[in-house]
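Chain residues, written in single-letter form:
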Amino acid sequence: MDRVSAFDEPLKKLLGGATAKVMAEHLGLHTVGDLLHHYPRRYEERGQLTALADLPLDEHVTVVAQVADARIMMFNNGRGKRLEVTLTDGSGRLQLVFFGHGVHKPHKELLPGRRAMFAGKVSVFNRKMQLAHPTYQLLDTADADEATEAVDAFAGRLLPIYPACKQLDSWRIAKAVDTVLPSARDAVDPLPLPLREGRGFTPLPEALLKIHRPQTKADIADARDRLKWDEAFVLQVALARRRYADTQLPAVARRPRHDGLLDAFDAKLPFTLTEGQEKVSKEIFDDLATEHPMHRLLQGEVGSGKTMVALRAMLAVVDAGGQAAMLAPTEVLAQQHHRSITEMMGELAEGGMLGGSDLGTKVVLLTGSMGMAARRQALLDLVTGEAGIVIGTHALIEDKVQFHDLGLVVVDEQHRFGVEQRDALRSKGKQPPHLLVMTATPIPRTVAMTVFGDLETSVLDQLPAGRSPIASHVVPAKDKPHFLSRAWERVREEVGNGHQAYVVCPRIGDDADDEADKKNRKKAAEKAAEEDGEKRPPLAVLEIAEQLAKGALAGLRIEVLHGRMNPDDKDDVMRRFAAGQVDVLVATTVIEVGVNVPNATAMVIMDADRFGVSQLHQLRGRVGRGSAAGLCLLVSEAHEASPARARLSAVAATLDGFELSRIDLEQRREGDVLGQAQSGVRTSLRMLSVIDDEEVIAAAREEAATIVAADPDLARLPDLRTALAALLDKEREEYLDKG
């Protein structure tokens, strides 16, 4: 077997169909190479038991412990029975529970004094940690040979604990790894020899053996150093090749003309730009003046003035005879951008119209729900070049949308779009247009070097004058219901002082929602007999609005806003809220980006633990936009010791978006760094942590740039080319391609 094909061998050939199927479906592992790159997340030491006192809630864990006692309990008037087993390890106790037909085998085997390895998901029942229906392997079986083998395999050395799933425990994965480990000898080494020797790295086959079956802790450290470098380096080579290819693409240089549209716009601005806006604008104008496409990421806190910077870039392109398109993630946001841009531009947005400026251009809106006549006119304005600026949703991407000369694409809230959508819009230029990607989600430098490694980065970190501080608090609704009552009193107080408030819920609560809900409730009912009940469905806008109108906020003017409303109705509600005709807006996350109502000072986020850290930060940014201080209340029923509550406390503790994005990353470190939603495939980063390995990533980026500059096609490095093909499979290569 040649050395490439050994890693490509399908797992079902070696492990059998059933195991291979579970690995493919639940862990995304299909080949020998995939399994060899499925590294242990940690190691147990011989004789050292996992501290039961430190078990993380809601995570799959593997513990080695001793049975303290086991008893059968009857419930449901004797019709049901459950086996309760208490484990101990000296640091704490943990309860196991088995139900129904599942009690017979463990009842015979899990006798007091026996030692075993258990795997399952940690939950809380009656304020006690428990594992419901864990799988287990006895480490002191009656058969002496079997016992020796089990102890030798699992407790006789550093015991690898693999990322597992409900269907496949860590120790079964370990056995599968034993089967394929001989293939590690055939690993193709992606690091060029001078780089490998210069940095004193272990050869790859040896690193794979050490990571899976270490003899010492030094083996683990050695292997990790090497494998992290592989991942960082191969990814940075792909990004460096992408950047190199971009410099080879042609683009039309777009320079603003003296006394043109941009100068006229700047002259009528009622304020001066911040130093940050000036600096970032210069970076963008320098890029636009070159003859290969700009690829720039503009990141800035909520309210730092990104839209103003983007608008000036669009005006510069219109000055130079081109057109600019801004892609927004929702209709509400597209309408809002259109409204605020036309207001800022005034008569400059009425080019060719009565009363419009001679220097002006047309600014058109294009969304999926527009009427036929308006849509036809917008399409006509684009194809003739009459409209210099278009703002729209994914409707811009449709085949029938054609431009006269598309020069710049601005993507707002980049993380809400798939790369295919961005690419489809970019392909509408006669030559590749310049690209400006904006995000209000702060991104740590390491992530910018990995996720956006093919984009140059600009950061707006100054807030314009006049923004107010926002106080944030967690409201533990389950433990302290009176805190929630006080939250509604605070909303009343804000409204009484002439201000307005948002109430955010995770769900809409209409018929389309309810179908999914019924299924969830049915599942929950089935599961409730076995454990502490499934979480209830998330709170819904329509239900909460009704409850508040009849109860805690009776007498206030309450309206709802969600994504499934008719666009005109949505616009009407937003206009009335902005005009102060609505006291409380109960909404989904449609208000997350771009909604600007300076008089709104309070926000209550229901089921706040169901939102991500960055999303909570974005939502909170909707209040405190005027001169009055903002208040954000994070309502949660999550258990005080849970990771969800820790996340909310972190959000409440700081307004620094970069700090929060770091916390968010640390919480999601098992997740896909490159964003599953964006690339459609699992991450290739299994060992590298974008939080902790900044030095590795930065060094790999430098090495990669040097190598690609000398040999863009990697003609002299066939092993690196092979590794690139394996790690960055076709879909991911395309993802990087589309940038």
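Computed from a predicted structure; not experimentally measured. The written sequence of each chain sets the order in which its residues are numbered from 1. Selection of residues for local features in this predicted model requires a pLDDT of at least 70, selection of side-chain atom pairs for listing and counting requires 80 or more, and totals for whole chains, interfaces and linings are taken over all residues. For the side-chain quantities, the full set of heavy atoms in the structure was used; hydrogens and water were omitted.

## What to know about the overall build of the protein chain
Within the protein chain, the regular secondary structure consists of 28 helices and 21 strands. Out of the 739 residues belonging to the protein chain, those deemed buried represent 53%. Working rule for contacts: check all heavy atoms of both residues, and any pair within 4.5 Å makes them a contact. Considering only intrachain contacts with a sequence separation of at least 6, the fraction spanning at least 24 residues in the protein chain is 74%. Note on areas: these come from Shrake-Rupley sampling with a 1.4 Å probe, and a residue is covered only by the protein chains present in the view. Only carbon and sulfur atoms are counted for the fraction: they give 50% of the accessible area of the protein chain, which is about 32,500 Å². Only DSSP runs of H or I with at least four residues qualify as helices, and only runs of E with at least two residues qualify as strands; both kinds are numbered from the N terminus onward. Any residue under 20% of the maximum accessible area for its type is buried, any over 50% is exposed, and the rest in between are partly exposed; the area is computed with a 1.4 Å probe on protein chains only.

## Points about helix α12 (residues 275-288)
Working rule for helices: expected span equals 1.5 Å times residues minus one. The end-to-end C-alpha distance of α12, which contains 14 residues, comes to 20 Å, matching closely the 20 Å that a straight helix rising 1.5 Å per residue would cover. For α12, every residue scored as buried is listed here: G276, Q277, V280, S281, I284, F285, D287 and L288. The buried side chains of α12 occupy one side of the element, clustering within an arc of 160 degrees when seen end-on. Exposed and facing more than 90 degrees away from the buried side of α12 are E275 and K282. Buried residues in α12 make contact with α11 (261-267), β9 (295-300), α13 (306-319), β13 (406-411), β14 (434-439) and β15 (456-460). This arc is built from the directions going out from the helix axis to the C-beta atoms.

## A short note on the sheet that holds strand β10 (residues 323-327)
An order of β11-β12-β10-β13-β14-β9-β15 is seen for the seven strands of this open sheet, with the pairing classed as parallel. Single-partner strands in this sheet number two, and they are β11 (362-366) and β15. Shown here is a sheet whose adjacent strand axes are inclined to one another by a mean of 20 degrees, direction ignored. Bridge count between β10 and β13: five bridges; the pairing is parallel. Within β13, the position partnered with Q323 by the bridge is L406. In the packing of α12 onto the sheet, contacts are made with β9, β13, β14 and β15, and the angle to β15 comes to roughly 160 degrees. Convention adopted: a line fitted to C-alpha atoms gives each axis, helices being fitted over their contacting stretch, and angles between N-to-C directions are expressed from 0 to 180 degrees. Across the sheet, helix α15 (residues 372-384) touches β10, β11 and β12 (387-392), and the angle it forms with β11 is around 130 degrees. Pairing between strands requires that DSSP locate at least two bridges from one strand to the other.

## Quick look at the sheet that holds strand β18 (residues 558-561)
Taken in spatial order, the six strands line up as β16-β21-β20-β17-β19-β18 in an open sheet, and their pairing is parallel. A strand with exactly one partner marks an edge of an open sheet, and here the two such strands are β16 (470-476) and β18. Across the sheet, the axes of successive neighbouring strands diverge by a mean angle of 20 degrees, strand direction being ignored. Bridge count between β18 and strand β19 (residues 584-587): four bridges; the pairing is parallel. Within β19, the residue paired with V560 across the bridge is V586. Contacts from helix α23 (residues 643-653) reach β16 and β21 (630-636) within the one sheet, and its direction differs from that of β16 by about 160 degrees.

## Quick notes on the pattern of salt bridges
A side-chain nitrogen of Lys or Arg and a carboxyl oxygen of Asp or Glu constitute a salt bridge if their distance falls within 4 Å. Under the defined criterion, the tally for this structure stands at 35 salt bridges. Of the charged contacts, one joins K105 and E109 as a salt bridge, the two residues approaching to 3.8 Å between their closest N and O atoms. Of this pair, K105 and E109 both sit in helix α5 (residues 104-109), four residues apart, which is roughly one turn of that helix. Overall, the relative accessible area of 54% leaves K105 in the exposed class.

## Re the environment of H38
Structurally, H38 is set in the loop between α4 (32-36) and β1 (42-44). Taking the C-alpha atoms as reference points, H38 and V177, separated by 139 residues in sequence, lie 9.0 Å from one another. Of the polar contacts made by the side chain of H38, one reaches the backbone oxygen of P163; its length is 2.9 Å. Pairing of N or O atoms within 3.5 Å defines a polar contact, subject to two protein rules: one partner must be a possible hydrogen donor and the other a possible acceptor, and residues neighboring in sequence count only if both atoms are side-chain atoms.

## Considerations on the environment of E489
Relative to the assigned elements, E489 resides in helix α18 (residues 481-496). Sequence separation between E489 and A552 is 63 residues, and the spatial gap between their C-alpha atoms is 7.8 Å.

Taken by themselves, the reported measurements are silent on function.
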